[in-house]
Amino acid sequence: MTSIGPESEELLDPARPLLPRRVRTAVLLLAALGVAAAVTVFAWPDSHRDTPVAATSALGSTTSTPPIHHPKPTSRRWPTEPAACGSTAELPLVKGAVPIGRGTGISVLVGGTRLARVDFDSGRVTPIPGAGVSSDEYAIRFVGSRPDYALVLNCRGPDVHGPRLLRLTASGSLLPGPPRRFDDVLVDGDTSWGLRWATAGSSGVLVPLDGGPRVSLPREFNPWFATRGVLIGNLVGADGGPGPLVLVDADTGRIQLNLGVGEPLAASDGILVWTTGCEIGVPTPCRVRQRDLTTGRTTDYRLPRSPGFSPTVISPDHKLLACTLERRQLDPRFVNDHPLPPVDVVVLHLDTGALDIVPGVELPAKTAPAFGFSADGWLVMALDAGGRTRLLAWRHGMLHPFEAPAVPGRSYAPPALAVLPRS
């Protein structure tokens, strides 16, 4: 995104962040700046190779930081289109995607300024009826196991109108959700909470959306995920930035475990994935860690570079993790405006440590696609394309992703996306 929108107003307020720090960092930078290869050796588009490691030891320290290569400027500019809330979207570059050619069984909900259900195989795009999203709002994500709600943000920022929930009914329509004031929503299976962020030096509050006692959280604790009764997030550090990554009991609000320095990527079904040493814009290896919250078993993986800003998702069988990965060098079309490289979409195999690069997809620096997995291993990607959301599907072994019909409507990246279970 090349202009500041409502999320930046929300995210620049440290008391009420809606996205993890790596996404907030992107917004701060904006404010300051105004083939698939399933391998055990990484295969990069620039023909360089790095070796992934599924290890039990930490990475060695780096004594020097190699610079990002700055290509010569070019007269070509990255394509853009207007996005939600008066912002501008830099468009994804997709090569070789083909229309759906066989039965995938994929159905998804997609949201931005419009919400719709999309059936990949038939190509049917069905708008979601009901209360809908007003002209100055956009859906940022779907929440709940079915899902139960659409979380909607206001273009004018939280001081004008905070986030609100629209309830998704069994018939597929939208109704007004709980009227309570909250700053974000956490979901753990069939349990959903409204979250009120802590102000400086105080504690946040967890409020069950379906009723029940409120839970006071540790002072200056920012939870990002909830799974199996555990809240995952960072304490505020001494410098005001993120401090230790901790696990907190959702029933009592007490800290269960301090994992040290780290940034959470994803949590699902009792599995937590986080990073250590991944510096945005620094092209050096870093570490991804996976922990089973029931057994405590932890596995380390090595990434060649930072996963960037995008949301991350774990597959239902816990074997795959989808995220972005910064490229080794800048794109010349970004050279005047962006100090960071564009990103690839990658799938990390948590059982082997191998890394797949989804072929033919290049995303602009500092953008955030939405990801989801089907039960049988399809990765679904929702890409902000200005006046529409592009939908791609890919899985291991495919030379090109499939592309479903786009959903009309603008978003403020990432689009809202939920992969529906097969009926």
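Above this note sits the structure.
Residues numbered from 1 in each chain as written. Predicted model: local features only at pLDDT ≥ 70, side-chain atom pairs only at ≥ 80, totals over all residues. Heavy atoms only, no water.

It is worth spelling out the sheet that holds strand 33 (residues 370–373) at this point. Adjacent strands of a sheet form backbone hydrogen bonds with each other and so pair up, either parallel or antiparallel. Sheet architecture is open: 5 strands sit in the order 8-36-35-34-33, paired in mixed fashion. Pairing within the sheet leaves two strands with one partner each, and these edge strands are strand 8 (98–99) and strand 33. Inspection of the sheet shows strand 8 paired to strand 36 (residues 402–408) by 2 bridges, in the parallel sense. When the sheet's bridge partners are listed, Pro-99 is paired in strand 36 with Glu-403. (Pairing = 2+ DSSP bridges. Helix = DSSP H or I, 4+ residues; strand = E, 2+ residues; numbered from the N terminus.)

The next subject is the nonpolar core. In this structure, Val-108, Phe-120, Val-345, Leu-379, Met-381, Leu-391 and Leu-417 are the most contacted members of the largest nonpolar core, which totals 35 residues. The set of elements that each furnish at least two residues to this core consists of strand 9 (107–111), strand 10 (115–119), strand 29 (320–326), strand 30 (343–349), strand 33, strand 34 (379–384), strand 35 (388–394) and strand 36. At 5 residues, strand 34 tops the list of elements feeding residues into this core. Setting aside residues no more than four positions away along its own chain, Val-345 makes contact with Cys-323, Thr-324, Asp-356, Ile-357, Val-358, Val-361, Leu-363, Phe-371, Leu-379 and Met-381. Counting 24 residues, the second largest nonpolar core, distinct from the first, contains Trp-193, Phe-221, Trp-224 and Ala-267. (Core = buried A, V, L, I, M, F, W, Y, C linked by side-chain atoms within 4.5 Å. Buried < 20%, exposed > 50% of the residue type's maximum accessible area, 1.4 Å probe, protein only. Contact = heavy atoms within 4.5 Å.)

Moving on to the environment of Gly-96. Following the sequence through the fold, Gly-96 ends up in the loop between strand 7 (93–94) and strand 8. Separated by 306 residues in the primary sequence, Gly-96 and Phe-402 place their C-alpha atoms 8.9 Å from one another. Contacts of Gly-96, omitting those with residues within four sequence positions, involve His-400 and Pro-401.

Side chains that carry opposite charge are capable of pairing whenever their charged atoms lie near each other. For the coordinates displayed, the defined rule picks out 10 salt bridges. Between Glu-137 and Arg-164 there is a salt bridge, and its shortest N-O distance comes to 2.7 Å. Of this pair, Glu-137 sits in strand 12 (residues 137–143) while Arg-164 is found in strand 14 (residues 164–168), placing the two residues 27 residues apart along the sequence. We classify Arg-164 as partly exposed; its relative accessible area is 24%. As a salt-bridge pair, Asp-148 and Arg-146 come within 2.5 Å of each other at their nearest N and O atoms. For Asp-148, a relative accessible area of 11% corresponds to the buried category. (Salt bridge = Lys/Arg side-chain N within 4 Å of Asp/Glu carboxyl O.)

Take the pairing of strand 17 (residues 191–196) next. Pairing geometry for strand 16 (residues 184–188) and strand 17, over 5 bridges, is antiparallel. Note that in strand 17 the partner of Leu-186 across the bridge is Trp-193. Hairpin connection between strand 16 and strand 17: a loop of 2 residues separates the two successive antiparallel strands, and Gly-189 in this loop has a positive phi of roughly 65°. Turn length for the strand 17-strand 18 (residues 203–208) hairpin, with the two strands adjacent in sequence and antiparallel, is 6 residues, and the turn residue Gly-201 shows positive phi of about 80°.

A separate point is the state of the cysteines. By the definition in use, this model includes 2 disulfides. Covalent S-S linkage joins Cys-85 and Cys-155, the inter-sulfur distance amounting to 2.0 Å. Residues Cys-85 and Cys-155 are joined by a disulfide whose S-S torsion is about -70°; by sign, that bridge is left-handed. Taken as a pair, Cys-85 in the loop between strand 5 (80–82) and strand 6 (88–90) and Cys-155 in the loop between strand 13 (149–154) and strand 14 lie far apart in primary sequence, 70 residues in all. The exposure class assigned to Cys-85 is partly exposed, which follows from its relative accessible area of 28%. The side chain of Cys-278 participates in a disulfide bridge whose partner is Cys-286; the two sulfur atoms lie 2.1 Å from each other. With the S-S dihedral at roughly 85°, the linkage between Cys-278 and Cys-286 falls on the right-handed side. No disulfide involves Cys-323; its sulfur sits 9.1 Å from that of Cys-278, the nearest cysteine. Among the residues examined, Cys-323 registers a relative accessible area of 4% and is labelled buried. (Disulfide = S-S within 2.5 Å.)

Take the environment of His-318 next. With respect to the helices and strands, the residue His-318 is situated in the loop between strand 28 (313–314) and strand 29. When the C-alpha positions of His-318 and Ser-268 are compared, they lie 8.3 Å apart, and in sequence the two are 50 residues distant. Those residues in contact with His-318, other than ones at most four positions away along the chain, are Ser-268, Asp-269, Ile-271, Gln-290 and Leu-350. Among the polar contacts made by the side chain of His-318, one reaches the side chain of Asp-269 at a distance of 3.4 Å. (Polar contact = N/O pair within 3.5 Å; in protein donor to acceptor, adjacent residues only side chain to side chain.)

Turning our eyes to something else, we now look at the sheet that holds strand 16. Taken in spatial order, the 4 strands make up an open sheet running 16-17-18-19, and their pairing is antiparallel. Since the sheet does not close on itself, it has two edges, and those belong to strand 16 and strand 19 (215–219), each with one partner. Going from strand to strand, the sheet's axes swing by 30° on average, the running direction of each strand aside. Across 3 bridges, the pairing between strand 18 and strand 19 is antiparallel. Looking across to strand 19, one finds that Ser-203 is bridged to Arg-219. (Axes fitted to C-alpha atoms, helices over the stretch in contact; angles between N-to-C directions.)

Bridging between strand 26 (residues 286–292) and strand 27 (residues 298–303) involves 6 bridges; their strand directions are antiparallel. Note on strand 27: the bridge partner recorded for Val-288 is Tyr-301. What sits between the antiparallel neighbours strand 26 and strand 27 is a turn of 5 residues, in which Gly-296 has the positive phi angle 80°.

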